[in-house]
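Summary of the model geometry
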Amino acid sequence: MADLFTVNKSPYETTGLVSALRFAPAESGILLLEDGVYAAIRGTHQASVIAQHQDKSFYALQEDLVARGLNPDELIAGIRPVDYAGFVDLVVAYDKVQAW
Amino acid sequence: MNRLSSYSMTSRHLLYLFRRAPHGTLYGWEMLQSVLVGAAFEQQVSLAFVEDGVYQLVRGSDTRATGTKNFMPVYQVLADYGVDQLYIDQAALATRGLSRHHLWPVTDEETGRDLLTCCNTQQLQAVLTAADVVFS
């Protein structure tokens, strides 16, 4: 299994998401959490960024989406909402976590 | 299983990821202190500089006028603490108009070996993957 890359800043604030995507090899997991979840909403430029990385798995933390008024059912295609328990499952499943 | 077995080993490969410029925040200095702790516990310690982290190594910095700590000299003695690899993102340097000659030399004084390696994306992916733990 590959690593899980967590991204906790808005893509409009820092280059964390861009860097994580650049340094994540194929099969990596990308988990958007805290302000990182702003990258998961439909109808933005981020959709085309994420579409270029179909060799990776994308997740967004449901609790953080809901806290920000974002609907977990309206994410960019291919991004799966996960709850806190799902977050733990991901941490166990991947080799290690890289916080970006 | 891999993960569990790696935790049981006495020495693990720790990678410290520098992502921010040195003087605007304390992240760099605190990370560097953490590096020294890791090295003191005889772990295998490497550093990687990406994004604004590449500014950490820019030579000629002089903080006397700002009254803040100049921790640049610590980078130059890392070899004495058993740190033997520093990796820096070639693309991040280029984006910022920097190249190797803008950086402090980081060498092992005993052997004269240059500890700093300029890496492309693929090489940095490998460095990140190979570490047991990535601190950022």
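Up top you'll find the structure we're talking about.
Here is a short report on the structure shown in this document. (Residues numbered from 1 in each chain as written. Chains lettered and ligands numbered in written order. Predicted model: local features only at pLDDT ≥ 70, side-chain atom pairs only at ≥ 80, totals over all residues. Heavy atoms only, no water.)

Moving on, we get to the overall build of chain A. From N to C terminus, chain A includes four helices and five strands. Helices and strands appear in chain A in the N-to-C order β-α-β-α-β-α-β-α-β. For chain A, whose C-alpha radius of gyration is 12 Å, the value lies close to the compact-globule estimate of 13 Å for 100 residues. Seen along its three principal axes, the alpha-carbon backbone of chain A occupies a region of about 30 × 30 × 20 Å. Counting only residues that meet the buried cut, chain A has 48% of its 100 residues in that class. Across chain A, the fraction of contacts at a sequence separation of at least 24, relative to all contacts at a separation of at least 6, is 71%. Carbon together with sulfur atoms contributes 54% to the accessible area of chain A, which is approximately 4,600 Å² in total. Each charge class in chain A can be summarised by its mean position, and for the 7 positive and 13 negative side chains these summaries are 7 Å apart. (Helix = DSSP H or I, 4+ residues; strand = E, 2+ residues; numbered from the N terminus. Rg over C-alpha atoms; globule rule 2.2 N^0.38 Å. Buried < 20%, exposed > 50% of the residue type's maximum accessible area, 1.4 Å probe, protein only. Contact = heavy atoms within 4.5 Å. Areas by Shrake-Rupley, 256 points an atom, 1.4 Å probe, with all protein chains shown as cover. Lys, Arg positive; Asp, Glu negative; His and termini not counted. Charge placed at Lys NZ, Arg CZ, Asp CG, Glu CD.)

Turning next to the overall build of chain B. Check the secondary structure of chain B and you find five helices and five strands. Counting from the amino terminus, chain B carries its helices and strands in the arrangement α-β-α-β-α-β-α-β-α-β. For chain B, whose C-alpha radius of gyration is 15 Å, the value lies close to the compact-globule estimate of 14 Å for 136 residues. Principal-axis analysis of the C-alpha atoms places the extent of chain B at approximately 50 × 30 × 30 Å. Looking at chain B as a whole, 43% of its 136 residues are labelled buried.

Before going further, it helps to spend a moment on the interface of chain B and chain A. Of the residues lining the interface, 17 residues belong to chain B; the matching set on chain A comes to 15 residues. For the chain B and chain A pair, buried surface summed over both sides reaches about 1,400 Å², with 48% attributable to carbon and sulfur atoms. Summed over the shared surface of chain B and chain A, the result is one salt bridge. Taken together, the connections running from chain B to chain A amount to nine residue pairs in polar contact (both at pLDDT 80 or more). Examining the composition of the side of chain B that touches chain A, we find that five residues originate from one element, helix α5 (residues 121-130) of chain B, more than from any other. Across the side of chain B that touches chain A, the residue classes break down as eight nonpolar, four polar and five charged. (Buried area = accessible area lost by both parts, 1.4 Å probe. Salt bridge = Lys/Arg side-chain N within 4 Å of Asp/Glu carboxyl O. Polar contact = N/O pair within 3.5 Å; in protein donor to acceptor, adjacent residues only side chain to side chain. Nonpolar A, V, L, I, M, F, W, Y, C, P; charged D, E, K, R; others polar.)

By themselves these figures say nothing about function.
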